[in-house]
Amino acid sequence: MINISKQLRKYFILISIISVVFITIVSNISMNYFFTNYVKASRSQDDLKLVQYIERLYSDDGGGLDSRSLMNILHYSYSEAIEVKIKNIKNEVVWESGMSDTMMHGMMGGRRYQDRNVVYKEYPLNYQGQQVGIIEIGRPQSIIVTSQDRGFVYTINGVYIAAFIFSIILAAILSLHVSKKFLHPIYLIKENAKLIEEEKYKQLYDIETNTLELQDLSISIKELAEKLEYQDALRKRLTSDISHELRTPLATLQSHIEAFMDGIWQPTQERLMSIHDEITRLTKLIKDLSDLSKIESEEVRLNMDKVNLSSLLDNVVDNFEPLFISKDIKIVKDIQQDVEIMGDADRLNQIFINVLSNAYKYTNEKGQITTTLNEYKGKVSIIIEDTGIGIEKEDLVHIFERFYRGDVSRSRETGGSGIGLTITKALVEAHKGTIKVESEVNKGTKVIISFNKSS
Ligand code: ADP
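Worth saying up front: this structure is predicted, and the values here are computed from it rather than measured. Counting restarts for each chain, with residues numbered from 1 along the sequence as it is written. Local features in a predicted model are, by the rule used here, given only for residues with pLDDT of at least 70; side-chain atom pairs are given and counted only at 80 or more, and totals for whole chains, interfaces and linings are based on all residues. Hydrogen atoms and water are omitted, and side-chain values are computed over all heavy atoms in the structure.

## A short note on the domain arrangement of the protein
A common measure of how large an interface is: the accessible area buried when the components associate.
Part 1 of the argument: Structurally, the protein comprises domain 1 (4-163), domain 2 (212-295) and domain 3 (301-452).
Part 2 of the argument: Each of domain 1 and domain 2 has a C-alpha centre, and the two are 103 Å apart. These domain limits were set by an automatic method or by a database of domain assignments.

## Some remarks on the site of the ligand
Part 1 of the argument: Lining the immediate environment of the ligand, one finds 20 residues, of which Asn358, Tyr362, Asp386, Gly406 and Leu421 sit closest.
Part 2 of the argument: Polar contact is defined as a pair of N or O atoms within 3.5 Å, subject to the rule that within protein one atom must be able to donate a hydrogen and the other to accept it, and that residues adjacent in sequence are counted only when both atoms are side-chain atoms. In this structure, Lys361 approaches the ligand through a side-chain N or O atom, which is 3.1 Å from an oxygen atom.
Part 3 of the argument: Between the ligand and the protein, one listed contact pairs an oxygen atom with a backbone N or O atom of Gly418 at 3.2 Å.
Part 4 of the argument: Considered on its own, the ligand offers 530 Å² of accessible surface; in the complex 95% of this is hidden by protein.
Part 5 of the argument: Secondary structure follows DSSP: runs of H or I at least 4 residues long count as helices, runs of E at least 2 residues long count as strands, and numbering of each begins at the N terminus. Taken together, the elements giving at least two residues each to the shell around the ligand come down to helix 8 (345-361) and helix 11 (420-430).
Part 6 of the argument: Gly falls in the polar group here, along with every residue not listed as nonpolar (Ala, Val, Leu, Ile, Met, Phe, Trp, Tyr, Cys, Pro) or charged (Asp, Glu, Lys, Arg). Its residues placed into classes, the shell around the ligand shows 7 nonpolar, 9 polar and 4 charged. Each residue is tested against the molecule or strand, and it is near if at least one of its non-hydrogen atoms lies within 4 Å. For accessible areas, the Shrake-Rupley method is used with a probe of radius 1.4 Å. Any residue's cover is judged against the shown protein chains and nothing else.

## Focus on the sheet that holds strand 10 (residues 434-440)
Part 1 of the argument: Strand pairing is assigned whenever DSSP identifies at least 2 bridges connecting the two strands. In spatial order, the strands read 6-8-9-11-10; together these 5 strands make up an open sheet with mixed pairing. Of all the strands in the sheet, the pair left with one neighbour each is strand 6 (330-335) and strand 10. Pairwise comparison of adjacent strand axes, ignoring direction, gives a mean angle of 10° for this sheet.
Part 2 of the argument: When strand 6 meets strand 8 (residues 368-376), the two strands line up parallel, connected through 6 bridges. By the bridge assignment for strand 8, Asp334 is matched with Thr372. Between N-to-C directions, angles cover 0 to 180 degrees, with each direction set by a line fitted to C-alpha atoms, over the stretch in contact for helices.

## Quick word on the pattern of salt bridges
Part 1 of the argument: Salt bridges are defined as contacts in which a side-chain nitrogen from Lys or Arg sits within 4 Å of a carboxyl oxygen from Asp or Glu. With the rule as written, the count across this model stands at 16 salt bridges.
Part 2 of the argument: Measuring nitrogen to oxygen at the nearest pair gives 3.2 Å for the salt bridge that ties Lys200 to Glu198.
Part 3 of the argument: Accessibility here uses a 1.4 Å probe with only protein chains present; expressed as a share of the type maximum, an area under 20% marks a residue as buried, one over 50% as exposed, and anything in between as partly exposed. Residue class for Glu198 comes out partly exposed when judged on its relative accessible area of 43%.
Part 4 of the argument: A salt bridge links Lys366 to Asp328; the shortest N-O distance between them is 3.1 Å. Of this pair, Lys366 sits in the loop between helix 8 and strand 8 while Asp328 sits in the loop between helix 7 (309-326) and strand 6, and the two are 38 residues apart along the sequence.
Part 5 of the argument: Residue class for Asp328 comes out partly exposed when judged on its relative accessible area of 43%.

## Regarding the environment of Thr434
Part 1 of the argument: Structurally, Thr434 is set in strand 10.
Part 2 of the argument: For the pair Thr434 and Arg9, spaced 425 residues apart in sequence, the C-alpha to C-alpha distance is 54 Å.
Part 3 of the argument: Discounting chain neighbours no more than four positions away, the residues touching Thr434 are Val428, Ile448, Ile449 and Ser450. Contacts are assigned to residue pairs with any non-hydrogen atoms lying within 4.5 Å of each other.

## Concerning the pairing of strand 9 (residues 379-386)
A regular strand carries its side chains on alternate faces of the sheet.
Part 1 of the argument: Here strand 8 pairs with strand 9 via 8 bridges, running antiparallel. Residue pairing in the sheet places Ile369 in a bridge with Asp386 of strand 9.
Part 2 of the argument: Counting the residues that bridge the hairpin from strand 8 to strand 9 gives 2 residues, and of these Lys377 lies at a positive phi of roughly 50°.

## With respect to the packing of helix 8 against helix 11
The description of two helices packed together rests on the angle between their axes and the distance between the axes.
Part 1 of the argument: Remark: helix 8 packs on helix 11, axes separated minimally by 9 Å, with the N-to-C direction vectors making an angle of 145°. Judged by the twist between their axes, the crossing of helix 8 over helix 11 is left-handed. Across the interface between the two elements, Arg347, Gln350, Ile351, Asn354, Val355 and Asn358 of helix 8 pack against Gly420, Leu421, Ile423, Thr424, Leu427 and Val428 of helix 11.
Part 2 of the argument: Split by residue class, the contact of helix 8 with helix 11 holds 6 nonpolar, 5 polar and 1 charged. The sense of a crossing depends on the near helix, which, turned anticlockwise from the far helix by less than a right angle, makes the crossing left-handed and, turned clockwise, makes it right-handed.

## Re the nonpolar core
Part 1 of the argument: Formed by 49 residues in total, the largest nonpolar core has its most connected members in Leu309, Leu348, Phe352, Ile382, Ile449 and Phe451.
Part 2 of the argument: Inspection of this core shows a minimum of three residues originating in each of domain 2 (212-295) and domain 3 (301-452).
Part 3 of the argument: Sequence-distant contacts of Leu348, defined by excluding residues within four places in its chain, comprise Val307, Leu309, Leu312, Ile341, Gly343, His431 and Phe451.
Part 4 of the argument: Core analysis: the next-biggest nonpolar cluster, separate from the first, contains 17 residues, Val51, Ile54, Leu125 and Ile137 among them. For the purposes of this section, nonpolar cores are sets of buried Ala, Val, Leu, Ile, Met, Phe, Trp, Tyr and Cys residues that join through side-chain atoms within 4.5 Å.

Following this line, the structure appears as structure tokens:
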């Protein structure tokens, strides 16, 4: 395994080597091509000029070339690093500029042929409209002719080598910078994952990056941490809540039974009934708790379907009727017909049962419970209002908390465990709805539940 930093460096350097080599090859080829063409064209022009010059000398000398003219041609050929041969019409060489290397070197001030491979080109020597001979002009085949030319090539190659070294250094520095830029957040994300593993959710690092994917990843890790922390806290709280809630009633039951066993108390029908009620309450509590833990840990999958909320609520209220009648509570129903939402019918039933049973429990005789359902602009609202004992202001903020009971003595009397509303809220939220409670002591309580029609 190689770490990212080394991998990046490797690829950066490789890319820069490839690009420099590619640029070198392409520019060499194109330079060679264009430069050769250019040199060839200018050589042809020079050749023509020389031919014209020789013809002029020929003509000035009255149909021949005297020694002064030949000397001029010789000078010209030395200075231009070319060889000139003059032939008669029979193709016999009558004069040539060829000379030894040393002479040439001396005369040309260092400009000497590196390439002795000379290529000759023939031109007719004309005088008074007639060809009188042939001029052969020889130039080295290679375009790199002199030591200056070589020097130029060396310089160019030196520039390429410098660019090559420079680009490798730059690639190494850049790869370091890039790997720092990407690796630092990745390193922090890795550290965060480690902290999550150690359950140190509060110590997670803040990750600042302008790389979209890394930001998404760090947000996902943070959300995962929050979820795990929540689940963790939930688990711990649930355990302590349960032990707290069960300890008192179990101790009471134990002491009652011990009293029976010791013969201190007679197990009268009334006492047995009270024990039975307590056991029933505990059983309900355990069931509620199990429901709640499932809902909160998102184990509950809602069986979403189209639900006719109007008839569902109507039914729930009707089922409560015997209870309400027994307390002489008046029921008012204002339910808009055929309001449908997407939801889990069983869970929606449970929501309304919980709220209505609270309304029933906390409303005195001869009270009134009003149930309203209406749909407006894609929002469905259900309001269950009672004229009961109401909730104290300081209790109102806590009523959705697990095991919170407004009035513990009264709650015990009504069999409340303080988790009905916790479950209700969790179920409403599972349907992406909201629940809120408004209340005034001795006036009554209003529970408002809202669902979105589309959800
Ligand atoms: P419980 O099982 O104790 O009723 P809930 O979670 O359903 O638990 O309710 C929490 C507390 O909120 C109750 O103990 C009670 O004090 C208060 N409460 C809920 N509904 C009403 C209501 N309609 N009228 C008055 N108080 C209410």
